[in-house]
Amino acid sequence: MPTFELREWQRDVLGSMPRDLLGMGAPVIGVKAPTGSGKTLLALRIAEKFKPNVVIAVVRTWTEMARFWEDARRFGYKYKPLAFFAKTEHCLELRRRRKASASVGGDEGGGLEEDEVDVRCDECSLRNNLYEEHGGFVLKYPLDGLLSVYSSVNPNLRYPEYRRLVRDRLSLIDPEYRTGGFCTYDHLRTIAKEAVRSGTPILLIGTYPYVFGPPSILFRNILGGGARIVVIIDEAHNLDTLDFLERSISNARLERLVSTCEKYCSKEPGREPCSGLDRLRRLVNTVEERLVRIVGSYDAERTFKHPKPGHLWELVSLLSLVRDEAVKFTEFETGGSGPVRGRTVLSFIDTVDFMVRLYEFKARCRVGVDSYWDYDPSVWGFYITRGERSARLVAKPFAVKPIIQYAWARFNGPWILMSGTLPGRQYIEKVWGLNVSWYVDASDMVHIGRRKVVISVREGLTSSFSERSEEMFRKYADKIRWIVLNHSEPGVYLVVYPSYKMMKGVTWYLADLPVPQRREGEVRHLPDLVEEALRLYTSGGKLVVHAVSGGRFTEGVEFVRRLGDGKVESLVKHVILAGVPFPNVGDDFVQDRVLASGLDEWEWFNVHGWMNTVQAIGRAFRSEDDEATIWLLDYRFDHLADNWGITRGAVWVRRE
Ligand code: SF4
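Being a predicted model, the structure only gives us computed values, none of them experimental.

This part takes up the site of the ligand. Neighbouring the ligand are 14 residues; Cys 91, Cys 121, Cys 124, Cys 183 and Pro 339 lie closest to it. Only helix 4 (87-90), helix 5 (92-103) and helix 8 (184-198) provide two or more residues apiece to the shell around the ligand. Class assignment of the residues belonging to the shell around the ligand gives a composition of nine nonpolar, one polar and four charged.

So, about helix 3 (residues 65-74). If you check which residues of helix 3 are buried, you get Met 65, Arg 67, Phe 68, Trp 69, Asp 71 and Ala 72. Buried residues belonging to helix 3 abut helix 2 (39-49), strand 2 (54-59), strand 3 (80-83) and strand 7 (202-207). Positive phi shows up at Gly 76, right after helix 3, with a value of about 60°.

What follows is about the nonpolar core. Ile 56 and Val 575 are the most contacted members of the largest nonpolar core, which totals 169 residues. Excluding residues within four positions of it along the chain, Val 575 makes contact with Leu 494, Val 496, Ala 616, Ile 617, Arg 619, Ala 620, Ala 628, Ile 630 and Trp 631. Within the second largest apolar cluster, five residues are counted, among which are Val 594, Trp 604, Trp 610 and Met 611.

Here we take up the sheet that holds strand 7. Within a beta sheet, neighbouring strands are joined by backbone hydrogen bonds and run either parallel or antiparallel to one another. With parallel pairing, the seven strands of this open sheet are ordered in space as 3-7-2-8-13-1-14. Edge positions in the sheet fall to strand 3 and strand 14 (436-441), since each has one partner strand and no second. Neighbour-to-neighbour, the strand axes of this sheet turn through a mean angle of 20°, independent of strand direction. Direction of pairing for strand 3 relative to strand 7: parallel, over a ladder of four bridges. Each bridged residue has a counterpart across the sheet, and for Leu 82 the counterpart in strand 7 is Leu 204. Where helix 2 meets the sheet, its contacts fall on strand 1 (28-32), strand 2, strand 8 (229-233) and strand 13 (415-419), and the angle it forms with strand 13 comes to roughly 170°.

Our focus in this paragraph is the packing of helix 2 against helix 3. Where helix 2 contacts helix 3, the two axes come as close as 10 Å, and the packing angle between them is 65°. One element, helix 2, and the other, helix 3, form an angle in the roughly perpendicular class. For the element pair helix 2 and helix 3, the recorded crossing hand is right-handed. Listed contacts from helix 3 to Thr 40, Leu 41 and Leu 44 of helix 2 are Arg 67, Phe 68, Asp 71 and Ala 72. Looking at the contact of helix 2 with helix 3, its residues break down into four nonpolar, one polar and two charged.

What follows covers the confidence of the model for the protein. This prediction gives the protein a mean pLDDT of 89; 95% of its residues lie at or above 70. Long-range and interchain partners of residues 104-114, a stretch whose pLDDT sits below 50, account for 16 contacts in this model, where long-range means more than four residues apart.

Time to look at the domain arrangement of the protein. Split into domains, the protein comes out as domain 1 (24-103 + 118-242 + 402-441), domain 2 (243-397) and domain 3 (450-655). Spacing between the C-alpha centres of domain 1 and domain 3 amounts to 32 Å. Between domain 1 and domain 3, the contact holds 14 residues from the first and 15 residues from the second. If you list the elements that add at least two residues to the side of domain 1 that touches domain 3, you get helix 3 and helix 17 (425-432). Of the residues forming the side of domain 1 that touches domain 3, the biggest block, three residues, is contributed by helix 17. Class assignment of the residues belonging to the side of domain 1 that touches domain 3 gives a composition of four nonpolar, seven polar and three charged.

Reading the values: rules and limits
Residues numbered from 1 in each chain as written. Predicted model: local features only at pLDDT ≥ 70, side-chain atom pairs only at ≥ 80, totals over all residues. Near = placed C-beta within 6 Å. Helix = DSSP H or I, 4+ residues; strand = E, 2+ residues; numbered from the N terminus. Nonpolar A, V, L, I, M, F, W, Y, C, P; charged D, E, K, R; others polar. Buried ≥ 20, exposed ≤ 12 C-beta atoms within 10 Å, placed from the backbone. Contact = placed C-beta atoms within 7 Å. Core = buried A, V, L, I, M, F, W, Y, C linked by C-beta atoms within 7 Å. Pairing = 2+ DSSP bridges. Axes fitted to C-alpha atoms, helices over the stretch in contact; angles between N-to-C directions. Parallel < 35°, antiparallel > 145°, perpendicular 65-115°, else oblique. Left-handed = near helix turned anticlockwise from the far one by under 90°. pLDDT = per-residue confidence, 0-100. Domains from an automatic or database assignment.

Written as structure tokens, this is what we have:
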């Protein structure tokens, strides 16, 4: 069993834990501590004190699962970690279908988008592979051995490697596994269920939808009725926007609907619905054209805007017409055999039905609608938005309180919220609807890395809306160019902008910078970006990464070099805040969130400006040895940097 020592601050926090907390049925605990400080281990230790059977840890992305898995392994945690990533990654049937489609010249996905696949395990011959029947299902092998196999394989490996390791280890339990078929998803589910049933301590690691989304009932099924649970929410500041719940129809999705129906009909041209293919095409063309034209009439590039009532009515009505035509093609998806089926048409219909019901609810012309909703429909809004090539009608929740409370009722037990940018107690209570029993702010107890701070006070730089102009963009570009060319450290120079528009405006003046640059929205596969950064860093080069606050480059990617034994080094050596990253005041979704929060506008913007700034800075500090310079390029940082605690613990602060 590995041995380890808690750090001093972790011991202090654990020692100060109020005694009566353990007697409460379901207290909420907030832990605010920077990334790299060891807060994952602290949360696991706090969870353990409640003596649960099951600890559930939910993270935002698949990549973030590894942190819990690694810490639980490294520190010999008594709860064995089982990480649940998407069924579509594990599914051998789906992989077989994709391969077959690729070999006959189809697209790599076999025509199936991730959310447009129906995987029905109950029709699969690989299901229940670990059981044998003796008047009921009985495990074929000892649970301990199976748990050791699955908890010992890193969930972040690419799937073929993950499977190869599982197979090698399983074949030590039963040599049959060297050649026999099995499904890792089925195994994980079975092992977790059996562990809960037998009271064996386990740590279930999954992404947010496993707790906050209606799509997955997996954890509920695994838990059954009586398990004592503790839930840990990682990077809990993300509870503020549960964006995986949004439903949207884009021009690309409409095109996919038609091409899927065409594909179905090219395989079976004689089927009845195919006679309506032309009509479906015409209708979709009309809707697509109107969608693009309507969205184009708003200033909605990468911004959410409320559609005018007439536009919303027109789009919802047109989509209903497409839905009624598309429904005829569902027989291609509901019929057939085999565990994997397409659900492009079914999923489109689901989304349109949702939007129609929401529209009717909002227009107050639907009665008795409540049984349809998992969450209070009054906190959902309609928005339109535009990307480089897409126009979208979106339905999404602007208040998260009912969604969090719904999850709270289903996963009732102590909750531990942790984040380096966890909002304060009042915010959590008022906006998220959770009563906080204990709030630990460790920001002054632990400082990670060596932070040097430069605040630009006299250069007149600001991202304030009233002062944004081409001239200001050019000034920002000049300053960024100077920083990149006058510093010798290899690695990532991360520039963070408050909005996509501002990033576009400034980077236009940086086109000739003689250093490789990548802009948010231009990289599809994030691991490629990290690989490029690592390659450049190890060869002494620089990479300028232009990120939009709250986007994929600041929240969804870890620019790190792995040093072994769980240690990492951040590749980010300069973080350049090109303005104060307040949320976009001209975005209707932001305005709806402010209103729904019950806070006054400045209070809400202040919390979010702080969160965005500290999140961006946190990219540079993943371990105690990291060292980076933080450039705060906006004169408003002169007072905000102190108020937001950015200058506290810095090795030096320079105002220039
Ligand atoms: S049990 Fe079968 S259908 Fe289900 S994920 Fe595994 S391979 Fe796919």
